[in-house]
Amino acid sequence: MLLTQSTTPIIGWIATLLGYVMEFIFYCLNFIGIQNIGLCIIIFTIIVRLLMLPLTIKQQKFAKISQVMQPEINKIQRKYRNKTDQASMMKQNEEISAVYQKYGVSPTGSCVQLLVQMPVLLALYQVIYHIPGYISGVRNVFTGLTAKIMSVDGFGSIISQFLTDNKITMTGISANTEFTKTTTIDFLYKLSPSQMEKFSQISDFSGFSDLFDKVAQQTSHMNTFLNLNISDTPLAIIKSGMAQGGAAGYLLVFSAAMVPILAWLTQWMNYKLMPQPKQAPNSEPSAMEASMKSMNTFMPIMSAVFCFSFPVGIGIYWVIGAVIRCIQQLVINRKMEQMDMEDLVRRNQE
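Please read these numbers as outputs of a predicted model, since none were measured by experiment.

(A) Focus on helix α12 (residues 234-244). Regarding α12, the residues found buried are Pro234, Ile237, Ile238 and Gly241. Around the axis of α12, the buried residues are gathered within 100 degrees of arc, so they sit on the same side. Facing away from the buried side of α12 by more than 90 degrees, the exposed set consists of Lys239 and Ala243. Downstream of α12 by a residue or two, Gly245 has a phi angle that is positive, lying close to 70 degrees.

So this is what it looks like as structure tokens:
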């Protein structure tokens, strides 16, 4: 197993399975003459979201029932407002538990489903962050160059000094990293085109500049999606575009800026489409409702902020994932509107 693969229990196992899926997608695209990691991530995201659809439907059923029972819970909470003695608190909890039993749901129902999804999501990030560790076709592109670099005495120190001098930060790679074959491949994959060119100009590696050019050409072909290098960050691309100037530079800036903007927009649309608890007229929202509303406003903004410093590949995953969830949500909402609530409650009770 490659060191760049996650070795965390559960998350690592799921990441390995998802890695097989990603490699199969890459193999199929390569078979028809397409080598593009961005397109792989899109297809990969669609497949994973479809596999997670049953959990999504369960969450939506819980949300649908919550819409009906939330007014009853709010009524109980208003009844015991300002009563902080132990007896009143116990009585409130008993009455709220009775409401959950009445509708056949568990207070932790949605939390359990989120806990099931969390390892899958973390594993997804591992696969996208460490593409060469999971796709042999990508890894093989760097094998020959890595062997040449490792043949140079003190190559690890040279790489560390390069990272320090150019103030380059990479996920999982730093100046203190012990550079082996796998970590060197990871390092090379995460270099932007401009960084790769600067690295190839180091005098110790001057004997194989042709191999650098060949690898740079192959990786540019694989990693370029809509004029963006998916292993680079939007922030770095924007800086590069501004420095380049001209129509081409400003087009690059616009394309890079659209990644976090679309991440915010699609996440915001997704939250807007989710069913919201019904609130009684002239009543104040509960603490949970207020908290959820704040989170639904805050999280899309944070997605945009994070996307500036995360690789474009992660941004593509977030945007496509949110678009798929929006489509799923529209279909699920229509199905839920046609669903008989009494029948749903009866099945839950069973």
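On we go.
(B) Here's a closer look at the packing of helix α7 (residues 136-150) against helix α9 (residues 181-190). Close contact between α7 and α9 brings their axes to 9 Å; oriented N to C, the two are set at 110 degrees. Taken together, the axes of α7 and α9 are roughly perpendicular relative to one another. Crossing of α7 against α9: the hand is right-handed. Residues Val138, Arg139, Phe142, Thr143, Leu145, Thr146, Ile149 and Met150 of α7 lie in contact with α9, whose contacting residues are Lys181, Thr184, Ile185, Leu188 and Tyr189. In terms of residue class, the contact of α7 with α9 is made up of eight nonpolar, three polar and two charged.

(C) Region of the structure containing a nonpolar patch on the surface. A contiguous nonpolar patch, built from Leu262, Trp264, Leu265, Trp268, Met269, Ile301, Val305 and Phe306 and spanning about 660 Å² of accessible area, is present on the exposed surface. When residues of the nonpolar patch are traced back to their parent elements, those giving at least two are α13 (246-273) and α14 (287-309). The residue Phe306 is located in helix α14 in this model.

(D) Summary view of the confidence of the model for the protein chain. Looking at the protein chain, the pLDDT average stands at 81 and 86% of residues meet or exceed 70. Across the protein chain, the element-wise mean pLDDT spans from 68 in helix α16 (residues 341-349) up to 92 in helix α8 (residues 155-165).

(E) Main features of the nonpolar core. Ranked by internal contacts, the top residues of the largest apolar core, which has 70 residues, are Ile37, Ile149, Phe187 and Phe199. Ranked by residue count, the leading element in this core is helix α15 (residues 312-338), at eight residues.

(F) A look at the pattern of salt bridges. Following the criterion strictly, the structure yields two salt bridges and no others. With its nearest N and O atoms 3.2 Å apart, the salt bridge here joins Glu95 to Lys79. Of this pair, Glu95 sits in helix α4 (residues 86-103) while Lys79 sits in helix α3 (residues 53-79); the two residues are 16 residues apart in sequence, bridging distant segments of the chain. Judged by relative accessible area, which is 18%, Glu95 ranks as buried.

Criteria and thresholds
- The residue count restarts for each chain, going from 1 along the sequence in the order it is written.
- Note on the predicted model: pLDDT of at least 70 is required for a residue's local features to be given, and 80 or more for side-chain atom pairs to be given and counted; whole-chain, interface and lining totals, by contrast, use all residues.
- Heavy atoms from the whole structure form the basis of all side-chain values; hydrogens and water molecules are not counted.
- Each residue is placed in one exposure class: buried if its accessible area under a 1.4 Å probe, protein chains only, is under 20% of its type's maximum, exposed if it is over 50%, and partly exposed if it falls in between.
- The secondary structure listing takes helices from DSSP runs of H or I that are at least 4 residues long and strands from runs of E that are at least 2 residues long, numbered from the N terminus.
- Picture the helix axis, draw a direction to every C-beta atom, and the arc is the one those directions span.
- A fitted line through C-alpha atoms represents every axis, and for helices the fit uses only the stretch in contact; the resulting angles, taken between N-to-C directions, go from 0 to 180 degrees.
- Angle categories: roughly parallel below 35 degrees, roughly antiparallel above 145, roughly perpendicular from 65 to 115, and oblique for all the rest.
- Rotating anticlockwise by less than a right angle from the far helix to the near helix defines a left-handed crossing, while the corresponding clockwise rotation defines a right-handed one.
- In this description, contact between two residues means that some pair of their heavy atoms is separated by no more than 4.5 Å.
- Amino acids outside the nonpolar list (Ala, Val, Leu, Ile, Met, Phe, Trp, Tyr, Cys, Pro) and the charged list (Asp, Glu, Lys, Arg) are all regarded as polar, and Gly is one of them.
- For patch building, the residue pool is restricted to those with more than 30% relative accessible area and no salt bridge; the joining distance is 9 Å between like charges and 5 Å between nonpolar side chains (Val, Leu, Ile, Met, Phe, Trp, Tyr).
- Note on areas: Shrake-Rupley with a 1.4 Å probe; residue coverage comes only from the protein chains shown.
- What counts as a salt bridge is simple: a side-chain nitrogen of Lys or Arg found within 4 Å of a carboxyl oxygen of Asp or Glu.
- Known as pLDDT, the predictor's confidence for each residue is given on a scale from 0 to 100.
- We define a nonpolar core as any set of buried Ala, Val, Leu, Ile, Met, Phe, Trp, Tyr and Cys residues linked to one another through side-chain atoms lying within 4.5 Å.

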